[in-house]
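The residues making up each chain are set out below.
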Amino acid sequence: MGKNYKQFFLAVISGVILALAYPGWNFDLGFLVWFGFLPLFMSLDTASQKSTKQLFTLGYIASLSYLLIVFGWFWSFHPLDTIGLNNRVLSFLLILALYLITSGSLALFGSLFSYAFSKFSRRSFLISFASIAGVFVLLEYLRSIGFGTLWFGSGTLIGPHWTMGNIAYSLVGNSFALRLSSFIGIYGLSFIVVSINLLLYHLLNKKNRWLFGIILIGLVGSHFVDFSPTTSGNSLAFALVQTNQPTKINYRPAEKLENFKIQLNLLNTIAIQYPETEMIVFPEGSDFLKDFSLFLSPAQAEKYFRALFAKPVLLISGMRALENEDNYSRVLMLDTRGDIIDYYDKRVLTPGGEFLPYILGSVIKISNPEGLSGFTDEREFSIGKKASGGIDFRGKLRAAPLICSELLGPSSAKIASSNSEALVVLGSTSIFHGWNGLINEALAMARFRAAENKKPLVFAANMGRSYSISKWGKTEKITPNSNAQILTGFIIPSHERSWYNRLGDWPILLVSGLMIGITFFTKNVTKA
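Just so it is clear, the structure is predicted and the values come from calculations on it, not from any experiment.

Rules behind the numbers
- Residues numbered from 1 in each chain as written.
- Predicted model: local features only at pLDDT ≥ 70, side-chain atom pairs only at ≥ 80, totals over all residues.
- Heavy atoms only, no water.
- Helix = DSSP H or I, 4+ residues; strand = E, 2+ residues; numbered from the N terminus.
- Rg over C-alpha atoms; globule rule 2.2 N^0.38 Å.
- Buried < 20%, exposed > 50% of the residue type's maximum accessible area, 1.4 Å probe, protein only.
- Contact = heavy atoms within 4.5 Å.
- Areas by Shrake-Rupley, 256 points an atom, 1.4 Å probe, with all protein chains shown as cover.
- Lys, Arg positive; Asp, Glu negative; His and termini not counted.
- Charge placed at Lys NZ, Arg CZ, Asp CG, Glu CD.
- Pairing = 2+ DSSP bridges.
- Core = buried A, V, L, I, M, F, W, Y, C linked by side-chain atoms within 4.5 Å.
- Patch = residues over 30% accessible without salt bridge, like charges linked within 9 Å, V, L, I, M, F, W, Y side chains within 5 Å.
- Salt bridge = Lys/Arg side-chain N within 4 Å of Asp/Glu carboxyl O.
- Axes fitted to C-alpha atoms, helices over the stretch in contact; angles between N-to-C directions.
- Parallel < 35°, antiparallel > 145°, perpendicular 65-115°, else oblique.
- Nonpolar A, V, L, I, M, F, W, Y, C, P; charged D, E, K, R; others polar.
- Phe/Tyr/Trp six-rings, centres within 6.5 Å; stacked < 30°, edge-to-face > 60°.

**Some remarks on the overall build of the protein chain**
No. 1: Regarding its fold elements, the protein chain presents 17 helices and twelve strands.
No. 2: Relative to the globule expectation of 24 Å for 528 residues, the C-alpha radius of gyration of the protein chain, 24 Å, shows essentially globular dimensions.
No. 3: Expressed along its principal axes, the backbone C-alpha trace of the protein chain runs to roughly 80 × 60 × 35 Å.
No. 4: A total of 528 residues make up the protein chain; the buried ones form 57% of that total.
No. 5: Summarising the internal contacts of the protein chain: among those between residues at least 6 apart in sequence, 73% fall at separations of at least 24.
No. 6: Accessible area of the protein chain: about 22,000 Å², with a carbon and sulfur share of 63%.
No. 7: Averaged over its 46 positive side-chain charges, the protein chain has a centre that lies 12 Å from the centre of its 33 negative ones.

If you want it as structure tokens, here you go:
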């Protein structure tokens, strides 16, 4: 019994170490990911009974410990007034259930990994080395699909869009890892992280402490060296309008007018103080252009912008659009010396924020049917019909828009940036009440999306922090807080397409599958 407790403790420690390495904190301990799996490996190797149940349990405990910490942002939903549930006690109980169901369900992938570790570790070192890392990669990929499947609803777009908790994000402070992601993406980095943990564990077992120490020092040291090269080329001046508007099912007219005035004042400030600006971005759901059209006709609006700006400006704004009785989270792209260039409707919608999963909707229908009706009418969105792509602004920039949660999945950014020179992200954390940990996690994901595709990225936030990122994944500028303000700077459009942008995740997924296949078809060779 004592040994079992020790094994369980080691599994928990592994989950906690990996959670501390994960971005979301106000400190960077990403280097912990290089040895975060070691306690779990020890618990699996020292298990007194190698029963399937015991192996599954240890993996489950480690994964659950990790996810309960990483998914702490669930509590930022409270209270659930953004979806029409004003009862705080019921809101607490419902979030608790969602939190435990999500963490508990996705932790099952950790159980499968631990079982595979035990079975494959009996093979020769090189074969087990690659096959165990391959299993982890495939399970991580499936987990990114699992979240959306678990919370399925009318707005679900099935795919690998939900990468929260991917251990590769722990390497956001490592500029070499960011550069490497332009070849192999986050799943390739996950393969490397698990492989290095396996190597270190092998060295510990062989009592080769000198080599263990040298490798570990090198890995930790790499987090403190900047490998990002300088970027040169023709630049384009941008301005990001940051707002601080809480999410509501319905805004009073006075609130709508006040929000519009704040944005208009920030726009005027840009025109006066930063006349060199060529691109202005408003956050998701800002409704600026929609509200602007209520006061001025298209001809009057063009006249207004001509007086405001000395040269053409690309103005990008989020809005709620109603079309054929369906709501869409839409991005409008306007040439201030012309007309609407194009628009894009969000495709990866957030469960609980932009549509209600069927399970959650059933609960609210029983407890608060009026709130459900209000959410369905005013807040529930439909999936956009086309993928994002680059739009040309007078030959100066091909920009591809993404909307908030679309930043979480590498595939959305890959498609959007394939024929563009910059990624423009319109974000909002208002349904999470501007939770700081989620803001930090989103920044890490944005840095990887930029680095993976070798495209500069700008992020305009509502109830968050706005920033610009170079094509190497380096944060160039960022607002100090989430208050309404503007952020200005320059980006250098990138015509380059990275290897990852061309090939995506298929190479590492195929390699992982191949290594697992080789393991199954080779003889069971005892480790030396």
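**Re the pairing of strand β1 (residues 236–242)**
No. 1: By the criterion of burial, β1 is predominantly enclosed, with seven of the seven residues buried.
No. 2: Going residue by residue along β1, you find Leu236, Phe238, Leu240 and Gln242 tucked away on one face and Ala237, Ala239 and Val241 tucked away on the opposite face as well.
No. 3: In the sheet, β1 pairs with strand β12 (residues 485–491) via seven bridges, with the strands oriented antiparallel. Residue pairing for β12: Gln242 is matched across the bridge by Gln485.
No. 4: Looking at chain direction, β1 and strand β2 (residues 279–281) are connected through three bridges and run parallel. In the sheet register, Ala239 faces β2, and the bridge partner there is Ile280.

**Brief notes about the environment of Val331**
No. 1: Secondary-structure assignment places Val331 in strand β4 (residues 326–335).
No. 2: Judged by its relative accessible area of 1%, Val331 falls in the buried class.
No. 3: In this structure, the C-alpha to C-alpha distance between Val331 and Leu402, residues 71 residues apart in sequence, is 8.6 Å.
No. 4: Sequence-distant contacts of Val331, defined by excluding residues within four places in its chain, comprise Ile316, Ser317, Gly318, Asp342, Tyr343, Tyr344, Pro401, Ile403 and Leu426.

**Re the nonpolar core**
No. 1: Core analysis: the biggest nonpolar cluster contains 84 residues, and Phe37, Phe71, Trp73 and Phe113 have the highest contact counts within it.
No. 2: Beyond its immediate stretch of four places on either side in the chain, Phe37 contacts Ser14, Leu18, Phe113, Phe136, Ile167, Val193, Val194 and Asn197.

**Describing a nonpolar patch on the surface**
No. 1: A contiguous nonpolar patch, built from Val12, Val16, Trp25, Phe27 and Ile69 and spanning about 370 Å² of accessible area, is present on the exposed surface.
No. 2: Mapped onto the elements, Trp25 comes out in the loop between α1 (2–21) and α2 (38–45).
No. 3: Residue classification places Trp25 among the partly exposed positions, given a relative accessible area of 33%.

**So, the packing of helix α9 (residues 253–273) against helix α11 (residues 298–308)**
No. 1: Contact geometry of α9 with α11 gives a least axis separation of 10 Å together with a crossing angle of 45°. As far as their axial angle goes, α11 and α9 are oblique. Mapping the contact onto sequence places Leu264, Leu267, Asn268 and Ala271 in α9 and Tyr304, Phe305 and Leu308 in α11.
No. 2: Partitioning the contact of α9 with α11 into residue classes produces six nonpolar, one polar and no charged.

**Overview of the sheet that holds strand β11 (residues 475–478)**
No. 1: Reading across the sheet, the six strands line up as β6-β7-β8-β9-β10-β11 and stay open at both edges, with mixed pairing between neighbours. Lying at the two open borders of the sheet, with one neighbouring strand each, are β6 (391–393) and β11. Each strand axis lies, on average, 25° off the axis of its neighbour in the sheet, ignoring direction.
No. 2: In terms of strand pairing, strand β10 (residues 467–469) meets β11 through three bridges, oriented antiparallel. Looking at the pairing, Ser468 lines up with Lys477 of β11.
No. 3: The strands touched by helix α14 (residues 410–417) are β7 (397–403) and β8 (422–428); relative to β7, the strand with the most contacts, the crossing angle is about 155°.

**Considerations on the packing of aromatic side chains**
No. 1: Here the structure, examined in full by the defined rule, presents 34 aromatic pairs.
No. 2: Ring geometry for Tyr22 and Tyr66: centres 6.3 Å apart, planes at 85°, overall edge-to-face. Note that Tyr22 is positioned in the loop between α1 and α2 and Tyr66 in helix α3 (residues 52–70), a separation of 44 residues in sequence.
No. 3: Accessibility expressed as a relative area gives 2% for Tyr22, which makes it buried.
No. 4: Among the residues examined, Tyr66 registers a relative accessible area of 7% and is labelled buried.

**Focus on the side chain of Ser63**
No. 1: By the element assignment, Ser63 lies in helix α3.
No. 2: Judged by its relative accessible area of 16%, Ser63 falls in the buried class.
No. 3: Ser63 has contacts with Leu106, Ala107 and Gly110, leaving out every residue within four places of it along the chain.

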